[in-house]
Each structure stands twice: as structure tokens, then as C-alpha cells.
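# Structural description and commentary
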Amino acid sequence: MNTDLFKKIIAGEIPCEKVYEDDVAFAFLDINPVNPGHTLVIPKKWSSGFLDADKDTICELIPAIQKVAKAVKEATGADGINIIQNEGEAAGQKVFHLHFHVIPRFVDDGLEHWYGKAVDDETAKTLAEKIRHSITRS
Ligand code: 5GP
């Protein structure tokens, strides 16, 4: 499991195209961009992903994500932006240091969104109840 790569990038041990840094956040171009300008925003404090990050880190990171997203949009002339976080291998996570993808999007850039699946009312009700229950216990 790749947990150290981004620590090494923050430390300057692995080169990157850095675009932003503050006390909490670090942002750099993705080495294999979905579209040119695809940027990763990460907290300096390590967590594996979003679910195990502490609340303070998340609260402090969000403004940096917004700042970088605005800059990526302006610099690339993008029509839109996707901000994505892959949590866990099943969701496509390969580097286990919390990171948000800031992906510039263009009309007709050929990328497709995933499709929704139909769910029956009973299943939806049961799942909503389970989620509400889990939230009240947290
Ligand atoms: P994940 O699949 O974990 O959500 O995304 C990991 C991202 O890190 C990928 O988009 C991948 O291209 C990027 N990445 C992996 N290794 C490096 C690297 O050494 N340097 C940079 N700049 N990006 C990397």
C-alpha cells in the first residue's frame, strides 16, 4: 500500500510541480492528468483518506481546495471543475494519503460521468434508515 509517496513529495524528496502551499495544505500537478492542469490538494498532516482524517484538518483544507480550484479554472480556461476524492481501493484510491483531485473540465472533453442505477423504494428506505442510524451513533 502506497502511504509514503506524498510525504516524500511534501518533503521535496520526490520532485513535483508545486502550485500552492500553506501551513496545512500542499498542492501540485498530477503526474498523469485526466486533463492538463489536473491538480492534487493534500493535507501536510497524514491520514490514509477522508474517513480517518481529523475534523480540524478537513476544515483547514477545504479553503485551500477552493483556492486551488479557482486558480486551476482560471489558468486552464476550463468550463467546469470536478473535485474528487477516491476513498479505498474499491473506489480507485491508489495513494493512501488523503488527496483531492481538482480536475479541469471542458465541454466535449470526451470524459463521461458514471451512470445512476435504479433502486426500488423499499431498498432506498431501508438504506436511508441505516444511514440515519449510523449518523446518530457517530
Ligand atoms: P488516487 O487514485 O489514489 O485517487 O490518485 C492518485 C493520483 O496520484 C493519481 O492521479 C496519480 O496520477 C498521481 N500520482 C501518482 N504518483 C505520482 C507522483 O509521483 N507525482 C505526482 N505528481 N502525481 C502522482
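Here's what I pulled together on the structure shown here. The structure presented is a predicted model; accordingly, all values stated were derived computationally and were not measured. (Residues numbered from 1 in each chain as written. Predicted model: local features only at pLDDT ≥ 70, side-chain atom pairs only at ≥ 80, totals over all residues. Heavy atoms only, no water.)

### Some words on the site of the ligand
This is how the line gets drawn: When we say a residue is near a molecule or strand, we mean one of its heavy atoms is within 4 Å of it. Polar contact is the term for a pair of N or O atoms within 3.5 Å; when the atoms are in protein, one must be able to donate a hydrogen and the other to accept it, and sequence-neighboring residues count only if both atoms are side-chain atoms. Each accessible area is a Shrake-Rupley estimate made with a 1.4 Å probe; only the visible protein chains count as cover when residues are assessed. We count a stretch as a helix when DSSP gives it H or I for four or more residues in a row; a strand needs E for two or more, and each element gets its number in order from the N terminus. Three classes are used, and their members are as follows: Ala, Val, Leu, Ile, Met, Phe, Trp, Tyr, Cys and Pro are nonpolar, Asp, Glu, Lys and Arg are charged, and the others, Gly among them, are polar.
The ligand sits among 16 residues. The nearest are D30, G92, K94, H99 and H101. In this structure, an oxygen atom belonging to the ligand sits 2.8 Å away from a main-chain N or O atom of G92. Taking 520 Å² as the accessible area of the ligand by itself, protein coverage stands at 83%. Here the shell around the ligand takes three residues from helix α1 (residues 5-11), the largest share from any one element. When its residues are assigned to classes, the shell around the ligand shows eight nonpolar, six polar and two charged.

### What about the nonpolar core?
How we decide: By nonpolar core is meant a set of buried Ala, Val, Leu, Ile, Met, Phe, Trp, Tyr and Cys residues that side-chain atoms within 4.5 Å join together. Exposure classes here rest on a 1.4 Å probe applied to the protein chains alone. A residue is buried below 20% of its type maximum, exposed above 50%, and partly exposed in between. A contact between two residues is defined here by any heavy atoms of the two lying within 4.5 Å.
The biggest cluster of nonpolar side chains holds 14 residues, and the ones touching the most others in it are V41, L61, I65, V68, L98, F100 and V102. Sorting the residues of this core by element identifies β2 (25-29), α2 (55-76) and β5 (100-105) as the ones contributing at least two each. Broken down by element, this core gets its largest block of residues, seven residues, from α2. Not counting chain neighbours up to four residues away, the residues in contact with V41 comprise F26, A27, L61, I65, V68, L98, H99, F100 and V102. Of all hydrophobic cores here, the second largest spans seven residues; its members include F6, F26, F28 and I42.

### Some points on the packing of aromatic side chains
Threshold: Only the six-membered ring of Trp is used, alongside the rings of Phe and Tyr, when aromatic pairs are assigned; centres must lie within 6.5 Å, and planes under 30 degrees apart are stacked while those over 60 apart are edge-to-face, with the rest tilted.
The full count for this structure, using the stated rule, is three aromatic pairs. With a centroid separation of 5.4 Å and an interplanar angle of 80 degrees, the aromatic rings of F6 and F28 are classed as edge-to-face. Residue F6 is located in helix α1, and its partner F28 is located in strand β2; the two are separated by 22 residues in the primary sequence. Each member of the pair F6 and F28 is classed as buried. Linked through ring pairs, F6, F26 and F28 together constitute an aromatic cluster.

### Regarding the sheet that holds β5
Filter applied, for reference: Between any two strands, at least two bridges found by DSSP are needed for them to pair. Every axis corresponds to a line fitted to the C-alpha atoms, with the helix fit spanning only the stretch in contact, and the corresponding angles, defined between N-to-C directions, vary from 0 to 180 degrees.
Taken together, five strands build an open sheet; the order of strands is β1-β2-β3-β5-β4 and the sheet is antiparallel. Both outer strands of the open sheet, β1 (18-21) and β4 (80-84), are each paired with one neighbouring strand and no more. With strand direction ignored, the average angle separating the axes of adjacent strands in the sheet is 20 degrees. As defined by bridge partners, β1 adjoins β2 across three bridges and the pair is classed as antiparallel. Its bridge partner being in β2, Y20 is matched across the sheet by A27. Sheet strands in contact with α2 are β1, β2, β3 (39-43), β4 and β5, and its direction is about 165 degrees off that of β3.

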